[in-house]
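Coordinate inspection notes
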Amino acid sequence: MCKSLFCLFLLIPSLNAWAESNRVTDGLQVLYAFDEGEGDVVHDRSGNGESLDLTITDVNKVQWSRGFVTLKNETLIKSGRPAKKIQQSIVQSKELSIEAWVKPANDNQSGPARIVSISSDTSNRNVTLGQAANAWEVRVRTNSTSVNGTPPIVSGSGTCSTELVHVVYTRDSTGNAVLYVDADAIVSQPVAGDLSNWDDDFHLLVANEATSDRAWLGELHLVAIYSRALTPGEVKQNYAAGADQDPVLAEKVPSPVARSVDFVNDVQPILRAYCYECHSAGNEEGNLNLAIKARAMEGGEHGPVLVRGNSLGSSMVHFVSGVEPDRMMPPDDKQPLNAEQIGILRAWIDQGATWPAGVDVLDPRLEKAREHWSFQRLKHSEAPVRRDGDVWTRTSIDVFIAEKLIKSEIGVSKPLAPNALARRIYFDVIGLPPTPEQVETFVSRYGEDPIQAVRSLVDQLLSSQHYGERWARHWLDLVRFAESDGQESDRDRPSAYRYRDFVIHALNDDMPFDHFVRWQIAGDEYEPDNPVAVAATGFLTAGTNSKLEEKFIEEERLFNRYNELDDVVSTLGTSMLGITVGCARCHDHKYDAFSAREYYRLLSVFHSGDRKSGKLPNGEDGLFFKDFDANVRTTWLFRRSDFFDRELEVNIGFPEMLSAGRDAEQYWTDAKSVSPKVESTFQRRALAEWITDVEFGGGALLARVIVNRLWQHHFGQGLVRTENDFGVRGEAPTHPELLEYLANDFVTNGWQFKRLQRMILNSAVYQQGAERWEPRGERDFDAMKVDPDNRLLWKMTPMRLEAEALRDAMLSVSGTLNLQAFGPSFKPYIPPEANLARNIQGGNYPNDAPDNADTRRRSVYMFHKRLVPYPLFQAFDRPDLLVGCSRRQNTTVAPQAMAMLNDRFVRACATDFAKRLLGDCGDDDAKLVEDSFGLAFSRLPSDSETQASISFIQAQSEARKERDKLEARLEAVADYCQALFGLNEFIYVD
């Protein structure tokens, strides 16, 4: 028989009601029915002497329902005075029974977790009934046991589940103890000794130990203690009575109909006619929405209204039946439901409240969202047929591009010269300039077979370790990675680099993107013994952080905590899903169908954990995210983000506009069933599975967003130019069929970055020149007039090197780039005056950082301290990464020229470049100029450039000599090299 059928509600809290319900009352000392419905007091309903009421220490951590209370977070329910009446009666009778109707939150609570206890601390107790993982445990102190009541009586493994269960422990005067579960005796054994050493000064405790470190979570329906041992028959009698404190409740409610009930045909018409006016999108009175499955099952501000399998325990049935006339639904001015309609609702609930997918009555915004192109399931897309006579297209990408150009009567630009193409591919793929020898080799192969030459170069560079170093920077920008806390103190994070190394390794190894995402959200819940998987959760810890000392008031600590959780949720939304979920922190999203409730349901996934600086599974230091334990922390919906205005308790949930057919609970159930046994809630794993699920979750949008980001970094703009906003207010893609085609191809072929990039890099559209196109035929329009923003990709848009690539290029051409990979970051020299007036604690920036091989590594390994920006990077638009950055600004301002002229590092690289050229060329200025152009620009100089360069070097040499400067030629050539660094041709890719 389903245990939950006995979960009824206390409406007549008198001892007579207990007698009528056929419960055993002989020897009853205390009884708690948890029927208060609100407040912080639980009344003793036994009627035996002076009541021993209990007080809830933190009522914000419980949720009252009709007839039971749910413990959502650690709290303690304690008697106001010592439980003398219980203890003295039991000691006198030498017998006892403890009875509880409970529903555990999970079947792996450790501690063991205390359900009912008479004790003073974890080492001194009279008796305790608790949950030990997935078993029940009872400890009773006698003069033959320890003061802690050990050895305990423990039920077999697996006897505890997450269903409503009746647990009874009895011990008679001979010492024989029996543990019953649902009236079946599962353990029977003697417990030697008597109870003469019981301490009558101990309090009665429920749901925790007196020391508050053995919390039990779940539903409490009934707790009773007897001063005698119930017989097996009496245990059955109480089990049959269940948690029913109102024997006439069933008489107040119409009976369920005796047939199978269908939601769509039977139930939903009733809800439409009587409920949706007040309880659907747009008018959710009491925060209750009965039109959407996930919302209906969650309930409203007064808790759940549906208990699957238990219509008598469902407050919806009470409301529509008039059990409480003052809460009759619909209200008095509306026609009430008739007996048959109530019977249909009861039968539907008793039969499991089955609610098929796809029949929700959605918010009009949600209906609109379901039609929005980016929120739909992936659609199979075929490339257009290549036209006869087409000699331009090389890949399926080109066919899509060509179709748009042909329709607009715009011709394509001429291909980039092979030497310039080599430079573009090198910078795009590995972020470093090619050597003259590498350019020469490519140009030679290009002359023989252009297609094969490009293909071979692309394959070679994609397999380089420098590929990950280049592309990791794009991802690290997006997820706001830096190595200090930011905010006021900006403390260093010495081990944060392990997340950076994970990203580089993952990209070099071509880790499937869905795997890459899952590990960053919940790597520790997938592979807890893998240090790389654990370090991957650095994604969740990469944002700003402030460690507040205990002296700070609660308001400051809560403000700080929820700001950090908002940072995690907002970053996940923009970086992976391209939606601005952070807008819903205070109110429903203004444009997209993403509600404040959904925001807090998403936030609840991370609420049970926090950043942790500690040891990785291999013993190395790391910074990662970890759940506090296996218990889910209570999350509230804050009205307008005010954490003191707690409107509604919410559970794990994912955006409805991106979901189809599976809810968060199903993902969570699956995550818990397949996950390794670790102290974690596995809610993050549920989210990781949902966000990468193309069929039922957010995977389709995830694929579109990352494909668009890859395109953006290759072409300067995405196919969707609002790369962080794929919502209804974002821009539509310029080539929707192409984006859908690439997203499908990406997912179908294992979410592989490198495969997609091969397609892009080998395409003709990518290999176009960046020069302005001129009309070449009668039907060709002037592209600048038809498409001035180059949305149709008739040419390549010139792109400036990012600050890091610019620095790496200077090191590379100077011959001083240190290619040491991975490991702790280096701190470059920053002028002391750049650090003035900064209140930085826990790791002040050094004033004397050297310029040597250790600090001439690639810029991805440079220590990024948020409040101490590296001046050269700051000039060239490196973001501070207080928040994620999807696209860097591309300014042209005077400080950039000043930096190239006066920066100490730029001058040092120019000097080293000069030494390299002089070492190779000696006094041959013509060769020096030729080599310098080959290294810096991947081409030969023109005659005029050669002459102008030689004239400049000679003039600078004379000027240096006149000022009595030592090594005048070296300084003059360094002046020349520094001038090359400042040219657009060096700073721009092509």
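Report on the accompanying structure. Just so it is clear, the model here is predicted, and its values are computed rather than measured.

**Observations regarding the overall build of the protein**
The helix and strand inventory of the protein stands at 34 helices and 22 strands. Its C-alpha atoms give the protein principal-axis dimensions of roughly 110 × 65 × 45 Å. Every one of the 990 residues in the protein was classed for burial, and the buried ones make up 58%. Computing the positive centroid from 109 side-chain charges and the negative centroid from 143, the protein places the two 2 Å apart.

**Some thoughts on the packing of aromatic side chains**
Under the criterion given, the structure shown has 32 aromatic pairs. Every member of this aromatic cluster is reached through a ring pair, and the members are Trp475, Phe481, Tyr499, Phe502, Phe513, Phe516, Trp519, Phe746, Trp751 and Phe753. For arginine 480, the ring lying beneath its charged end belongs to phenylalanine 539, and the centroid distance is 5.8 Å. Between lysine 672 and the ring centre of tryptophan 668, over which it is positioned, the NZ or CZ distance is 3.9 Å.

**Examining the side chain of threonine 911**
On the secondary structure map, threonine 911 appears in helix H30 (residues 904-921). Look past the residues within four positions of threonine 911 in its chain and what remains in contact with it is Leu970 and Ala974.

**Notes on a negative patch on the surface**
Together, Glu554, Glu555, Glu556 and Asp642 line one region of the surface with negative charge. Following the sequence through the fold, glutamate 555 ends up in helix H19 (residues 554-577).

**Concerning unusual backbone geometry**
Cis rather than trans, the peptide bond between threonine 150 and proline 151 has omega equal to 5°. Locating proline 151 in the fold gives a position in the loop between strand S10 (135-140) and strand S11 (153-154). Of note, alanine 133 is a non-glycine position whose phi angle comes to about 60°, a positive value. Despite not being glycine, serine 938 shows a phi value in the positive range, around 60°. By the element assignment, serine 938 lies in the loop between helix H31 (925-937) and helix H32 (943-962). Classification of serine 938 as buried rests on a relative accessible area of 3%.

Conventions and cut-offs
- Residues numbered from 1 in each chain as written.
- Predicted model: local features only at pLDDT ≥ 70, side-chain atom pairs only at ≥ 80, totals over all residues.
- Heavy atoms only, no water.
- Helix = DSSP H or I, 4+ residues; strand = E, 2+ residues; numbered from the N terminus.
- Buried < 20%, exposed > 50% of the residue type's maximum accessible area, 1.4 Å probe, protein only.
- Lys, Arg positive; Asp, Glu negative; His and termini not counted.
- Charge placed at Lys NZ, Arg CZ, Asp CG, Glu CD.
- Phe/Tyr/Trp six-rings, centres within 6.5 Å; stacked < 30°, edge-to-face > 60°.
- Lys NZ or Arg CZ within 6 Å of the ring centre and 35° of its normal.
- Contact = heavy atoms within 4.5 Å.
- Patch = residues over 30% accessible without salt bridge, like charges linked within 9 Å, V, L, I, M, F, W, Y side chains within 5 Å.
- Areas by Shrake-Rupley, 256 points an atom, 1.4 Å probe, with all protein chains shown as cover.
- Salt bridge = Lys/Arg side-chain N within 4 Å of Asp/Glu carboxyl O.

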